[in-house]
Amino acid sequence: MSGKYLVTGGAGYVGSVVAQHLLEAGHEVVVLDNLSTGFREGVPTGASFIEGDIRDAAKWLDSSFDAVLHFAAFSQVGESVVKPEKYWENNVGGTMALLEAMRSTGVRKLVFSSTAATYGEPEETPIVESAPTSPTNPYGASKLAVDHMITGEAAAHGLGAVSLRYFNVAGAYGSCGERHDPESHLIPLVLQVAQGRRDAISVFGDDYPTPDGTCIRDYIHVADLAEAHLLALTAAKPGEHLICNLGNGNGFSVREVIETVRQVTGHPIPEVAAPRRGGDPAVLVASARTARERLGWNPSRADLAGIVADAWVFAQNVSKER
Ligand SMILES: NC(=O)c1ccc[n+]([C@@H]2O[C@H](COP(=O)([O-])OP(=O)(O)OC[C@H]3O[C@@H](n4cnc5c(N)ncnc54)[C@H](O)[C@@H]3O)[C@@H](O)[C@H]2O)c1
Ligand SMILES: O=c1ccn([C@@H]2O[C@H](COP(=O)(O)OP(=O)(O)O[C@H]3O[C@H](CO)[C@H](O)[C@H](O)[C@H]3O)[C@@H](O)[C@H]2O)c(=O)[nH]1
């Protein structure tokens, strides 16, 4: 059955890919985005677009919507360490206003973009949802605060909600991909080196307690991630807040990612050693068992070279447009 969905942050990377998947599944999509980090041209064709802020969601939300998929947020770990107030204000304050608008209009289903950064430095790997949450940066703390708000909203007011804790999202889907400005994520930055737009990639820390000394992350294809959102819409039950990790359960070090980009692009990628970046845990790898069991999620694009290859095609197409 087709539905009508508000996609906050749908002009950004993950939101645009999910909006595209919703459209392909025959749903009606309204994107609400203030374009603070997103791009008008990122909104998929076929979606309606409102240029506005989630803090004013009450202006546009009404009972005709079946659910909200909430991506709008600031999401740079490093920036959050130096400007924490920006993260509390937008991520927590903004979501509070959105929840209020949902309550007053009777829209009772939510899928929220949470993050692996809610866990902080894990005690055990792979990380399960019951692991302690002790974020090492304000970005993760702001997302954890929102998860707590949603738990309360579900218990007190019957919201049906799913928080999806993404690990490291990468890759592209057709014309939708990653184009943060400035870019801070590893794979698009290494691809910029391959394109000659940057001289070298900085490796933030090579003295972590990992086999090659660089940080290990679990890279998940954005299209696999998008599929989980559509499944979450079906799985959300009134009064329940379900939390699911989304990752492949395979960790790759920064140096392994750089080597994969060399192989996929055929370009030499010079690297330079740089100090650790504040707030970075050494290893983040997901157990996505809950997502498999509760959502029926079955990611099919786990191969890192394939993820990088899709991001590479997208990066080259975006450069041609510039
Ligand atoms: N990319 C990742 O690796 C990753 C990992 C974990 C979680 N997440 C989360 O997923 C979500 C999407 O991330 P992304 O990489 O697509 O980021 P993005 O910056 O590309 O997209 C975020 C979008 O939200 C919009 N936005 C921000 N604040 C807003 C506001 N107050 N009102 C309206 N629109 C607003 C921005 O303009 C942008 O289009 C974020 O919530 C992020 O925290 C991302
Ligand atoms: O130029 C760079 C950029 C990144 N890195 C390293 O590469 C790894 C991945 O960094 P990203 O910035 O690509 O991703 P993060 O792991 O910091 O963050 C991502 O995953 C987090 C969960 O841990 C949050 O969800 C966040 O929103 C999301 O961007 C980190 O060890 C980082 O230090 C470098 O060495 N050089």
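Taking an unreviewed UniProt entry as the reference, the chain is identified by name as UDP-glucose 4-epimerase belonging to Streptomyces vastus. Per UniProt, the chain has the following entry under Cofactor (unreviewed entry): "NAD(+)". Per UniProt, the chain has the following entry under Catalytic activity (unreviewed entry): "UDP-alpha-D-glucose = UDP-alpha-D-galactose".

(A) Layout of the overall build of the chain. A tally of helices and strands in the chain yields nine helices and 14 strands. Radius of gyration (C-alpha) of the chain: 19 Å, near the 20 Å computed for a compact globule of 322 residues. Principal axes of the C-alpha set define a box for the chain whose edges measure 55 × 45 × 35 Å. In the chain, buried positions account for 54% of the 322 residues. Entry remark: accessible area of the chain is about 13,300 Å², with carbon and sulfur atoms responsible for 50%.

(B) Just the site of ligand 2, in detail. Around ligand 2, a shell composed of 21 residues is seen, among which Thr115, His185, Ser202, Arg277 and Asp280 lie nearest. Serine 184 is positioned with one of its backbone polar atoms (N or O) 3.3 Å from an oxygen atom of ligand 2. In this structure, an oxygen atom belonging to ligand 2 sits 2.8 Å away from a side-chain N or O atom of arginine 217. When the free accessible area of ligand 2 is taken as 680 Å², the share hidden by the protein chains comes to 93%. Looking at the shell around ligand 2, the elements with two or more residues in it are α5 (186-194) and β8 (201-204). Broken down by element, the shell around ligand 2 gets its largest block of residues, four residues, from β8. Across the shell around ligand 2, the residue classes tally to twelve nonpolar, six polar and three charged.

(C) Inspection of the pairing of strand β2 (residues 28-33) at higher detail. Within β2, five of the six residues are buried, which leaves it mostly tucked inside the rest of the structure. In the sheet, strand β1 (residues 4-8) pairs with β2 via five bridges, with the strands oriented parallel. Looking at the pairing, lysine 4 lines up with glutamate 28 of β2. You can see the chain leave β1, run along helix α1 (residues 13-24) and come back into β2, and the turn it takes is right-handed.

(D) Main features of the UniProt feature "domain: NAD-dependent epimerase/dehydratase" (unreviewed entry) in the chain. With numbering aligned to this structure, UniProt lists the feature "domain: NAD-dependent epimerase/dehydratase" (unreviewed entry) at residues 6-241. In the segment residues 6-241, helix accounts for 35% and strand for 19%; the C-alpha atoms at its two ends are 19 Å apart.

(E) The site of ligand 1, seen in detail. The environment of ligand 1 is made up of 30 residues, and the closest members are Asp33, Thr37, Asn90, Tyr139 and Lys143. The separation between an oxygen atom of ligand 1 and a polar side-chain atom of aspartate 33 is 2.5 Å. Glycine 38 is positioned with one of its backbone polar atoms (N or O) 3.0 Å from an oxygen atom of ligand 1. Protein coverage of the free-state accessible area of ligand 1, which is 820 Å², stands at 97%. Among the elements that take part in the shell around ligand 1, strand β5 (residues 109-115) stands out by supplying three residues, more than any other. Residues of the shell around ligand 1, tallied by class, amount to twelve nonpolar, 14 polar and four charged.

(F) Focus on unusual backbone geometry. With an omega of -5°, the peptide bond between threonine 125 and proline 126 qualifies as cis. Residues aspartate 181 and proline 182 are joined by a peptide bond in cis, for which omega reads 5°. The topology assignment puts proline 182 in the loop between β7 (168-170) and α5. At leucine 35, a position not held by glycine, the phi torsion is positive, near 60°.

(G) Up close: α5. By the criterion of burial, α5 is predominantly enclosed, with nine of the nine residues buried. Positive backbone phi, at 80°, marks glycine 196, one or two positions downstream of α5.

(H) Main features of the side chain of histidine 21. Tracing the sequence through the fold places histidine 21 in helix α1. Its relative accessible area of 10% is what places histidine 21 among the buried residues. With residues up to four places along the chain from it excluded, the contact list for histidine 21 reads Tyr173, Ala223, Ala226, Glu227 and Leu230.

(I) Expanded view of the sheet that holds strand β3 (residues 48-51). Pairing within the open sheet is parallel, and its seven strands lie in the order β3-β2-β1-β4-β5-β6-β11. Two strands close off the open sheet at either side, each with one partner strand: β3 and β11 (241-246). Along the sheet, successive strands turn relative to each other by an average axial angle of 20°, direction set aside. Where β1 meets strand β4 (residues 67-70), four bridges bridge the pair, whose relative direction is parallel. Pairing of threonine 8 across the sheet is with histidine 70, part of β4. The sheet contacts of helix α4 (residues 138-157) involve β5, β6 (160-166) and β11, and relative to β5 the element is tilted by about 155°.

Criteria and cut-off values
Residues numbered from 1 in each chain as written. Chains lettered and ligands numbered in written order. Predicted model: local features only at pLDDT ≥ 70, side-chain atom pairs only at ≥ 80, totals over all residues. Heavy atoms only, no water. UniProt positions renumbered as here; feature names shortened; annotations may be inferred. Helix = DSSP H or I, 4+ residues; strand = E, 2+ residues; numbered from the N terminus. Rg over C-alpha atoms; globule rule 2.2 N^0.38 Å. Buried < 20%, exposed > 50% of the residue type's maximum accessible area, 1.4 Å probe, protein only. Areas by Shrake-Rupley, 256 points an atom, 1.4 Å probe, with all protein chains shown as cover. Near = heavy atom within 4 Å. Polar contact = N/O pair within 3.5 Å; in protein donor to acceptor, adjacent residues only side chain to side chain. Nonpolar A, V, L, I, M, F, W, Y, C, P; charged D, E, K, R; others polar. Pairing = 2+ DSSP bridges. Right-handed = clockwise from strand over helix to strand, strands pointing away. Contact = heavy atoms within 4.5 Å. Axes fitted to C-alpha atoms, helices over the stretch in contact; angles between N-to-C directions.

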